[in-house]
Amino acid sequence: MKNTALITGASSGIGKEFARIHASKGGDLILVARRKDLLDSLKEELVQKYNVAVQVIQKDLSVVGSSQELYDTVTQNGWQVDYLFNNAGFGGKGAFLDRDLEADVEMVRLNVMALLKLTHLFGKDMKARGNGKILQTASTAGFLPGPYQNTYFATKAFVVSHTQGLAHELKGSGVTVTALCPGPVATEFAKVAGFGGSKMFDGAASAAQTAQKGYRAMEQGKVICISEFQFTFLIKVLMPFLPQSMTAAIIAKMQQS
Ligand SMILES: NC(=O)c1ccc[n+]([C@@H]2O[C@H](COP(=O)([O-])OP(=O)(O)OC[C@H]3O[C@@H](n4cnc5c(N)ncnc54)[C@H](OP(=O)(O)O)[C@@H]3O)[C@@H](O)[C@H]2O)c1
């Protein structure tokens, strides 16, 4: 394996597009998700089209211990991860106290704990080698209060903050870390999170375009990549002048649309 990217959540959406971009550049791949049939068919597509080496690992990363198992499988096979895409994640609509707590705990285990663990394990190896790139799929949600999808927004705030701090610690090490922060993207995310038919996803960005922007930002070693201009404007220009309660009210309305 050479120039290898490990991508979590590669069976659909943004992760699948990261895999296509990386393969188109001649890079090998380790694809991770729960739905093995989808990973196998993506592998077939990429091997046929780009003649790259692709490994498929079926793994539920919300299970305690699964990130360590993934790392052990990769290292025992002698595969070197040059690019880590911590991309797997899901959201969930509803008022916090009315939601099933276990679903939110599972979300934290995947969106936060698996990402933290994989970044620590593979990041250490990258730092020892003096090179490597890490892309964390965060969200514009990471900059906002998130009534009616509260835990999800909080998980992404963790990812944004952790990436910013880690990027500073890694300066001069040869390793970079980038947080991709999209607004709504047309993937399976909306359905999984309970937003099927929601107006919030009207005019959503495409997964392919979003992945392209994130991949480019990662190559350039950028720390934060907000992938659509209107959200950059909202978060960097408008929001700092709005009272927090007004921002929360706007987000609450959007989540319930
Ligand atoms: N779509 C949006 O509007 C949007 C906006 C901002 C940020 N994001 C973020 O983008 C990332 C990718 O989401 P997406 O939009 O591409 O949605 P998606 O199409 O639903 O993809 C989610 C991916 O995560 C995998 N996954 C889910 N639970 C998993 C688990 N327990 N263990 C391992 N893999 C798991 C899924 O694969 P399996 O089901 O096969 O396991 C799938 O490959 C997420 O972190 C999401 O929070 C999405």
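Residues numbered from 1 in each chain as written. Predicted model: local features only at pLDDT ≥ 70, side-chain atom pairs only at ≥ 80, totals over all residues. Heavy atoms only, no water.

**Q** Can you lay out the site of the ligand for me, pointing to particular residues and giving the numbers?
**A** Neighbouring residues of the ligand: 30 residues in total, closest Ser11, Ser12, Arg34, Tyr152 and Thr187. Contacts to the ligand include isoleucine 14, whose backbone N or O atom sits 2.8 Å from an oxygen atom. Here an oxygen atom of the ligand sits 2.6 Å away from a polar atom, N or O, in the side chain of threonine 187. Its free accessible area being 880 Å², the ligand has 96% of it covered by the protein chains. Elements with a minimum of two residues in the shell around the ligand: α1 (13-24) and α5 (150-169). (Near = heavy atom within 4 Å. Polar contact = N/O pair within 3.5 Å; in protein donor to acceptor, adjacent residues only side chain to side chain. Areas by Shrake-Rupley, 256 points an atom, 1.4 Å probe, with all protein chains shown as cover. Helix = DSSP H or I, 4+ residues; strand = E, 2+ residues; numbered from the N terminus.)

**Q** An account of the environment of glutamate 17 is needed here, citing residue identities and associated values.
**A** By the secondary structure assignment, glutamate 17 is in helix α1. Discounting chain neighbours no more than four positions away, the residues touching glutamate 17 are Ala207, Ala208 and Ala211. (Contact = heavy atoms within 4.5 Å.)

**Q** Which residues make up the sheet that holds strand β3 (residues 54-58), and what are the values?
**A** The strand order across the open sheet built from 7 strands is β3-β2-β1-β4-β5-β6-β9, with neighbouring strands paired in parallel fashion. Two strands in the sheet have a free side with no partner beyond their single neighbour: β3 and β9 (224-226). Taken over all neighbouring pairs, the strand axes of this sheet differ in orientation by 15° on average, direction set aside. The sheet contact formed by strand β5 (residues 132-137) and strand β6 (residues 175-181) spans 6 bridges and is parallel. (Pairing = 2+ DSSP bridges. Axes fitted to C-alpha atoms, helices over the stretch in contact; angles between N-to-C directions.)

**Q** Talk me through the pairing of strand β1 (residues 5-8); I want residue IDs and the actual numbers.
**A** Burial along β1 is two-sided: the residues Ala5 and Ile7 and Leu6 and Thr8 are all buried. Judged from the 4 bridges that link them, β1 and strand β2 (residues 29-33) form a sheet pairing that is parallel. Along β2, the bridge assignment pairs alanine 5 with leucine 29. Remark: the β1/α1/β2 crossover connection has right-handed handedness. (Buried < 20%, exposed > 50% of the residue type's maximum accessible area, 1.4 Å probe, protein only. Right-handed = clockwise from strand over helix to strand, strands pointing away.)

**Q** Can you lay out the side chain of glutamine 136 for me, pointing to particular residues and giving the numbers?
**A** Within the secondary structure, glutamine 136 is located in strand β5. Sequence-distant contacts of glutamine 136, defined by excluding residues within four places in its chain, comprise Asn86, Leu115, Thr119, Val159, Thr163, Val177, Thr178, Ala179 and Leu180.

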